[in-house]
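Below, each chain spelled out in residue letters.
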Amino acid sequence: MNQSTIDSNDSSLDCFFIEDFIPQPDSKVHSQQVYLYENALKQLDSILKKRMVRSIFLVLDEMAWRSSGADEILDPVFAARQVTRFKKFEPNPKIEDVERGIAEFRRQEHDLIIALGGGTAIDLAKMIGAFSCQQEPARELATGAASLRGLGPALVAIPTTSGTGSEATHFAVVYVDGQKYSVAEPNLLPDIAMIDPFLTWSLPPAITSTTGLDAFCQAMESIWAVGATEESIKYATEAVMLAYNNLPQAIHDPTPESRLAMCRASHLAGKAINIGKTTLPHAISYAITSEYGIPHGAAVAMTLSGALAFNMGVTEKDCLHPRGSAHVKKQLKIVLDLLGVADVQSACLAIREFMNRVGSPGTLEEAGIETEEELKQIAACVNLERMSNNPRHASPENLLEILNGAIFRK
């Protein structure tokens, strides 16, 4: 069964819809139904009626529920059904919230799970649904000590930001005792994704910026990732151009077109990393966010130009890509072409100028993180195993060069 696709040659941003599918219980390839257009959320009632859904487990970001206007659309829909609302969870999924959600889910039968909010709400819903039908403890499933088996309940993902692309991926992030884990399983891909730009209209500029930067960086990284394929690069290249051309306006002077474009960029970036995954900037970003409280998207973007310059210097000796350094440079040339430049120095300048246009620090130094001790601490926190998807091997010394901007200045 084929996963839903978006034609990257289709310049129309008015709507995107994939027809209904019939789930295959024993299939390892999880198909997805996607609604991506203005007022898509209004289709939820008919979807629930078609599936004869009477009982819903709702993983809900309360602030997003009220501020996005989703409450006005969905209150009448939920009034006709039994709804268990799981809320009051912390940003960035914690195993304690997953365990609490599983306990609540198991108290009664539910026909369907709906997640409404950002990446945290969607990732929690993925794990609550998948873990609830397993015998092993949630901590063992989250850390990889136990494996997921079988399908959980159907999941509808309704993102209220244009950034994480979690509605398009088969993995979820969770923190266990302060350590970040990524749970990956084909069946974690939501059955239905409803991406309505109306829900993003209330986002303040700062959140629009950092979530949009996350999508932009995900797409960039998945172009040069070791795991990149022709399909993922197709998604990623369109996502890069959509974000590059529309994010500044979505932040400073939003229009229906720019909001819809960013929704599409986010979803396509999610589809890209669902195949190719992320690389060095994401691996570095977690320490920047956890140590200095810099929002995830902004933290990733701070090392994007440095990572691009570093990877462009790949040789056969330090290349991690099985197809060799020439292939890596061919992939990196795609980034230069997308930015409309001829060399890596110009590409780095273009990225930093873009950061300036969206009101985000282009480097750690601009964010006030500049001492050698601070940079060493960040480098020491990076899990080098997470960087195996980066096409060039990076030593701790290389990380320091990237963090202090030395790579860019070479």
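That block above? That's the structure.
Counting restarts for each chain, with residues numbered from 1 along the sequence as it is written. Confidence filtering applies because this is a predicted model: local features only for residues at pLDDT of at least 70, side-chain atom pairs given and counted only at 80 or more, and all residues used for totals across whole chains, interfaces and linings. For the side-chain quantities, the full set of heavy atoms in the structure was used; hydrogens and water were omitted.

Caption draft 1: The pattern of salt bridges, seen in detail. We define a salt bridge as a contact between a side-chain nitrogen of Lys or Arg and a carboxyl oxygen of Asp or Glu at a distance within 4 Å. Enumeration according to the criterion identifies 17 salt bridges in this entry. Across the salt bridge formed by Glu136 and Arg149, the nearest N and O atoms sit 2.7 Å from each other. On the criterion of sequence distance, the pair formed by Glu136 in the loop between helix 5 (119-132) and helix 6 (138-143) and Arg149 in the loop between helix 6 and strand 6 (155-159) is long-range, its members being 13 residues apart. Ionic contacts of the salt-bridge type, sharing partners, join the residues Glu96, Glu99, Arg139 and Asp177 into one network. Under the scheme used here, helices are H or I runs from DSSP no shorter than 4 residues and strands are E runs no shorter than 2 residues, and both carry numbers assigned from the N terminus.

Caption draft 2: Expanded view of empty space enclosed by the protein. Definitions used for this entry: grid spacing 1 Å over protein atoms alone; cavity, a set of points where a 1.4 Å probe fits but cannot get out; pocket, an open set with protein on both sides within 12 Å along at least 5 of 7 lines; lining residue, one with an atom within 4 Å of a point. Grid points are joined across faces, edges and corners, and a volume is the space filled by probe spheres set on the points. Counted by the stated rule, this structure contains 2 cavities of 30 Å³ or more. Together, Ser162, Thr200, Leu203, Thr208, Thr211, Gly212, Leu247, Ala250, Arg259 and Met262 line the largest cavity. Element by element, the count of residues in the lining of the largest cavity is highest for helix 7 (residues 205-224), at 3 residues. Partitioned by chemical class, the residues of the lining of the largest cavity number 4 nonpolar, 5 polar and 1 charged. Of the voids in this model, the second largest cavity is the one considered here, and its volume is about 30 Å³. In this structure, the second largest cavity is lined by Pro159, Thr161, Ser162, Glu167, Ile195, Cys263, Ser266 and His267. The element best represented in the lining of the second largest cavity is helix 9 (residues 256-276), accounting for 3 residues. Side-chain classes follow a simple rule in which Ala, Val, Leu, Ile, Met, Phe, Trp, Tyr, Cys and Pro form the nonpolar group, Asp, Glu, Lys and Arg form the charged group, and the remainder, Gly included, forms the polar group. Taken together, the residues that form the lining of the second largest cavity break down as 3 nonpolar, 4 polar and 1 charged.

Caption draft 3: Geometry of the packing of helix 7 against helix 12 (residues 304-312). For helices, the fitted line uses only the C-alpha atoms of the stretch in contact; every axis is such a line through C-alpha atoms, and the angle between N-to-C directions lies from 0 to 180 degrees. Here helix 7 crosses helix 12 at 10°, and the two axes come no closer than 11 Å. With respect to helix 12, the axis of helix 7 lies roughly parallel. Contacts between helix 7 and helix 12 involve Phe216, Cys217, Met220, Glu221 and Trp224 from the former and Leu304, Ala307, Leu308 and Asn311 from the latter. Tallied by class, residues from the contact of helix 7 with helix 12 come to 7 nonpolar, 1 polar and 1 charged. Any angle between 65 and 115 degrees counts as roughly perpendicular, while under 35 counts as roughly parallel, over 145 as roughly antiparallel, and the rest as oblique. For this analysis, residues touch if any pair of their heavy atoms sits within 4.5 Å.

Caption draft 4: Quick peek at the packing of helix 10 (residues 280-292) against helix 15 (residues 372-381). Interhelical geometry of helix 10 versus helix 15 gives an angle of 125° and a closest axis separation of 8 Å. Taken together, helix 10 and helix 15 sit at an angle that is classed as oblique. In this structure, the crossing between helix 10 and helix 15 has a hand that is right-handed. Seen from helix 10, the contacting residues are Ile284, Ala287, Ile288 and Tyr292; seen from helix 15, they are Glu374, Ile378 and Cys381. Grouping the amino acids of the contact of helix 10 with helix 15 by side-chain chemistry returns 6 nonpolar, no polar and 1 charged. When the near helix sits turned anticlockwise from the far one by under a right angle, the crossing is termed left-handed; a clockwise turn instead gives a right-handed crossing.

Caption draft 5: Quick look at the packing of aromatic side chains. Only Phe, Tyr and Trp rings take part, Trp by its six-membered ring, and two of them pair if their centres are within 6.5 Å. Stacked means planes under 30 degrees apart, edge-to-face means over 60, and tilted covers everything else. Under the counting rule described, the total for this entry stands at 7 aromatic pairs. Between Phe57 and Phe86, the aromatic rings sit 6.1 Å apart at their centres with planes inclined by 25°, giving stacked as the arrangement. Pair noted here: Phe57 is in strand 3 (residues 55-60) and Phe86 is in strand 4 (residues 82-86), with a separation of 29 residues, a long-range link. Across the pair, Phe86 and Phe57 agree in class, each one buried. With centroids separated by 5.2 Å and ring planes inclined at 40°, the aromatic side chains of Tyr244 and Phe354 adopt a geometry described as tilted. With Tyr244 in helix 8 (residues 230-252) and Phe354 in helix 14 (residues 344-357), this pair connects stretches of sequence that are 110 residues apart. Across the pair, exposure class does not vary: Tyr244 and Phe354 are buried alike. These aromatic residues form a ring-pair network of at least three members: Phe57, Phe86, Phe89 and Phe105. Relative accessibility under 20% of the residue-type maximum defines a buried residue, over 50% an exposed one, and the middle range a partly exposed one, all with a 1.4 Å probe and only protein chains included.

Caption draft 6: Looking closely at the pairing of strand 9 (residues 192-195). With burial as the criterion, each face of strand 9 is covered, one bearing Ile192 and Met194 and the other bearing Ala193 and Ile195. With 4 bridges joining them, strand 2 (residues 33-37) and strand 9 adopt parallel strand pairing. Bridging from a neighbouring strand, Leu36 pairs with Ile195 of strand 9. At least two bridges found by DSSP between two strands are what make those strands a pair. Examined bridge by bridge, strand 6 and strand 9 share 2 bridges and lie parallel to one another. Bridging across to strand 9, Val156 finds its partner in Ile192.

Caption draft 7: Examining the nonpolar core more closely. Throughout this description, the term nonpolar core refers to a set of buried Ala, Val, Leu, Ile, Met, Phe, Trp, Tyr and Cys residues connected via side-chain atoms within 4.5 Å. If you look at the biggest cluster of nonpolar residues, it comprises 70 residues, and the most contacted ones within it are Ile284, Ile288 and Leu339. With 10 residues, the top contributor of residues to this core is helix 8. Setting aside residues up to four positions removed in sequence, Ile284 forms contacts with Thr303, Ile378, Val382, Leu399, Ile402 and Leu403. Of all hydrophobic cores here, the second largest spans 30 residues; its members include Ala115, Ile122, Ala125 and Ala130.

Caption draft 8: Representation of the pairing of strand 7 (residues 171-176). As paired elements, strand 7 and strand 8 (residues 179-184) share 6 bridges and run antiparallel to each other. Along strand 8, the bridge assignment pairs Val173 with Ser182. In textbook terms, the turn of a hairpin is the stretch between consecutive antiparallel strands, and for strand 7 and strand 8 this stretch comprises 2 residues, one of which, Asp177, has a positive phi near 50°.

Caption draft 9: Layout of unusual backbone geometry. At Lys88, a residue that is not glycine, the phi angle is positive and equals roughly 60°. Here Lys88 lies in the loop between strand 4 and helix 4 (95-105). Residue classification places Lys88 among the exposed residues on the basis of a relative accessible area of 67%. Its identity as a non-glycine residue notwithstanding, Asp177 has a phi of 50°, on the positive side. Structurally, the position occupied by Asp177 is in the loop between strand 7 and strand 8. With a relative accessible area of 63%, Asp177 lands in the exposed category.

By themselves, these observations are geometric and do not establish any function.
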